[in-house]
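# Overview (structure and organization)
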Amino acid sequence: MKTLIINIKELLQVRENNIDKVSGKDMAILPKIENAYLLIEDNLIADYGLMDNCPKIDIDKTIDAQGKVVLPSWCDSHTHIVYAGNRVQEFVDRINGLSYEEIANRGGGILNSAKRVNETSEEIIYNESKARLEEIIKQGTGAVEIKSGYGLTVDDEIKMLRVIKKLSENYPIMIKSTFLGAHAFPTEYKENHSAYIDLIINEMLPKIAEENLADYIDAFLETGYFSVEETERIMIAGKKYGLTPKIHVNQFTAIDGIKACVKHEALSVDHLEIVTDEDIETLKDSITMPVALPSCSYFISIPYTPARKMMEAGLPLALATDYNPGTTPSGNMNFVVATACIKMKMTPEEAINAATINGAYAMGISQTHGSITRGKRANLIITKPIVSFYQLPYEFGSNLIENVIVEGKMI
Ligand SMILES: N=CN[C@@H](CCC(=O)O)C(=O)O
Ligand SMILES: [Zn+2]
């Protein structure tokens with residue numbers, strides 16, 4: 001099957017030779033071709049170039065993109081879209097003055113969602129989660145990482161991971177699965193942390209590995225959650241089963257967690273609302289991708305990741321949604337990109353690099369996703385007619401996406 005997109009006003013993120021990520025000053029460069037064509041063969045990008053060189057060959061379908069921008073789909077490297085119910089009441093409680101911490105201390109927060117997962121069947125959780133997945137696909141997400149972490153028992157963590165697996169079997173987009181048993185301590189382990197970590201290591205991990213249910217391992221490294229030492233135990237154990245760490249860290253406090261994550265070669269460190277100069281030094285020359293989650297900062301009114309400072313220090317940065325019922329009930333990557341521009345002062349070029357190729361890196365798929373490169377997956381966003389790609393973050397509340405293509409097929 002051959003599909004040809006013609007008359008593309010701007011074809012963005014064109015990388016003749018594949019790169020795995022962009023860092024520092026290079027983040028400001030978003031290579032593009034104006035008045036371009038793009039040829040898709042089956043599920044892959046076969047060719048692209050100037051319209052003047054558009055191939056005259058037999059094709060099955062032509063799409064005229066006059067006035068429109070085409071770019072690689074968003075790569076959302078951090079979500080928790082498998083959950084049950086919602087936490088609308090906590091949202092209202094926060095408006096009325098309670099903090100995230102106060103709500104968690106009353107048994108709300110992550111433990112609230114864990115209770116809901118426990119009471120809800122796998123089938124219902126699947127149905128609720130697939131609706132979220134379908135929504136983000138329409139919003140331009142072409143690859144997504146999904147975490148467990150609202151189970152917190154052997155059976156319920158496995159239940160969540162099975163739902164993730166089923167989603168990846170039933171939907172065409174790339175889904176990477178992350179085991180987040182270390183998301184919070186269940187009430188019965190509040191005074192006995194090491195027993196819960198033993199449960200993760202000795203019971204959850206072997207079962208997850210046996211059923212091949214996860215690609216990555218995560219922990220919430222934060223004051224009041226998992227300490228540096230506890231997270232190190234989790235990272236070491238996960239690696240024994242081939243699960244690379246991707247860690248929640250520096251959301252509310254900086255407690256030297258990033259150093260431990262870099263030491264254990266985490267693929268990404270995510271949140272980073274609070275970042276010290278030492279953290280930045282630690283991340284330099286590491287393989288670990290810093291990931292910012294601006295919709296979370298927006299929703300629970302916490303600081304934004306200091307993106308400019310990090311990029312000026314030469315670091316790469318990825319952007320993701322953090323779609324979850326507590327701190328970010330939105331999986332809209334367009335809003336993430338706009339908020340990064342508006343609140344974190346990232347340029348549109350930097351934000352799009354962060355949401356495509358760097359997002360792909362943060363879930364280990366930058367060889368196949370995240371740029372317009374021959375041989376990569378044909379996962380594309382086609383916008384409505386717009387003046388330039390700058391209009392995407394500028395009209396932050398509008399849906400400027402006309403079509404999405406996943407694995408070569410229009411959705
Ligand atoms: N911070 C830890 N985990 C999630 C939120 C968890 C929740 O409140 O349900 C996050 O990334 O923001
Ligand atoms: Zn998260």
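Each chain carries its own residue numbering, running from 1 in the written order of its sequence. For this description, chains carry letters from A and ligands carry numbers from 1, given in the order in which they are written. Given that the model is predicted, a residue must reach a pLDDT of at least 70 before its local features are reported, and side-chain atom pairs must reach 80 or more before they are shown or counted; all residues, however, enter totals for whole chains, interfaces and linings. Side-chain measures here rest on the full set of heavy atoms in the structure, leaving out hydrogens and waters.

The name an unreviewed UniProt entry assigns to the chain is Imidazolonepropionase, from the organism Flavobacterium terrae. UniProt positions are given in the numbering used here, feature names are shortened, and annotations may be inferred rather than shown by experiment. The UniProt entry for the chain carries the following comment under Pathway (unreviewed entry): "Amino-acid degradation; L-histidine degradation into L-glutamate; N-formimidoyl-L-glutamate from L-histidine: step 3/3." Database annotation for the chain, UniProt heading Function (unreviewed entry): "Catalyzes the hydrolytic cleavage of the carbon-nitrogen bond in imidazolone-5-propanoate to yield N-formimidoyl-L-glutamate. It is the third step in the universal histidine degradation pathway."

### Digging into the pairing of strand 11 (residues 268-271)
Strand pairing follows a simple DSSP-based rule, namely that at least 2 bridges must link the two strands. Secondary structure elements follow DSSP: runs of H or I of four or more residues count as helices, runs of E of two or more count as strands, with numbering from the N terminus. Summarising the sheet, strand 10 (residues 244-249) and strand 11 pair through four bridges and their orientation is parallel. Across the sheet, the residue bridging to Ile 247 is Val 269, located in strand 11. Handedness rule for crossovers: strands pointing away from the viewer, path from the first strand over the helix to the second running clockwise, crossover right-handed. In this fold, the crossover linking strand 10 to strand 11 by way of helix 8 (residues 257-263) has right-handed handedness. Pairing geometry for strand 11 and strand 12 (residues 289-292), over four bridges, is parallel. Bridging across to strand 12, His 271 finds its partner in Ala 292. Of the crossover connections in this fold, the one passing from strand 11 over helix 9 (residues 277-283) to the parallel strand 12 is right-handed.

### Details of the UniProt feature "binding site: Fe(3+)" (unreviewed entry) in the chain
The sites that UniProt annotates as "binding site: Fe(3+)" (unreviewed entry) are His 78, His 80, His 248 and Asp 322. In summary, the annotated positions, though distributed over 245 residues, converge in three dimensions, the widest C-alpha pair being only 12.1 Å. Set against the largest cavity, the annotated residues named above that line it are His 80, His 248 and Asp 322. Among the structural elements, His 80 can be located in the loop between strand 6 (74-76) and helix 1 (88-95). Using a relative accessible area of 2% as the deciding quantity, one classes His 80 as buried. A pocket, in this scheme, is an open set of points on a 1 Å grid over the protein atoms alone with protein on both sides within 12 Å along at least 5 of 7 lines, while a cavity is a set where a 1.4 Å probe fits but cannot get out; residues line either one if an atom lies within 4 Å of a point. Only protein chains enter the calculation, and the probe is 1.4 Å; a residue is then buried if its accessible area is under 20% of its type maximum, exposed if over 50%, and partly exposed in between.

### Here's the deal with empty space enclosed by the protein
Grid points are joined across faces, edges and corners, and a volume is the space filled by probe spheres set on the points. Under the counting rule described, the total for this entry stands at two cavities of 30 Å³ or more. Volume-wise, the largest cavity comes out at about 90 Å³. Taken together, 13 residues line the largest cavity, and the ones lying closest to its centre are His 80, Tyr 100, His 183, Asn 324 and Thr 327. Its residues assigned to classes, the lining of the largest cavity shows four nonpolar, seven polar and two charged. What the second largest cavity holds in volume is close to 60 Å³. Taken together, 15 residues line the second largest cavity, and the ones lying closest to its centre are Pro 72, His 369, Gly 370, Arg 377 and Asn 379. Of all elements in the fold, only strand 6 and strand 7 (141-147) reach the threshold of two or more residues within the lining of the second largest cavity. Put simply, Ala, Val, Leu, Ile, Met, Phe, Trp, Tyr, Cys and Pro go in the nonpolar bin, Asp, Glu, Lys and Arg in the charged bin, and everything else, Gly too, in the polar bin.

### Section: the layout of surface pockets
Empty space within the largest pocket amounts to approximately 450 Å³. As for the largest pocket, its lining consists of 18 residues, of which Tyr 100, Glu 101, Ala 104, Asn 105 and Tyr 225 are closest to the centre. Within the residue set of the lining of the largest pocket, elements represented by two or more residues are helix 2 (100-105) and helix 3 (110-119). Considering every element that reaches the lining of the largest pocket, the biggest residue donor is helix 2, with four residues. Taken as a whole, the second largest pocket holds about 200 Å³ of empty space. What lines the second largest pocket is a set of 13 residues, among which Asn 332, Asn 334, Ser 398, Asn 399 and Leu 400 lie closest to the centre. Split into classes, the residues belonging to the lining of the second largest pocket amount to five nonpolar, six polar and two charged. In terms of domain composition, the lining of the second largest pocket takes at least three residues from each of domain 1 (2-72 + 370-410) and domain 2 (75-361). Note that domain bounds follow an automatic or database assignment of domains.

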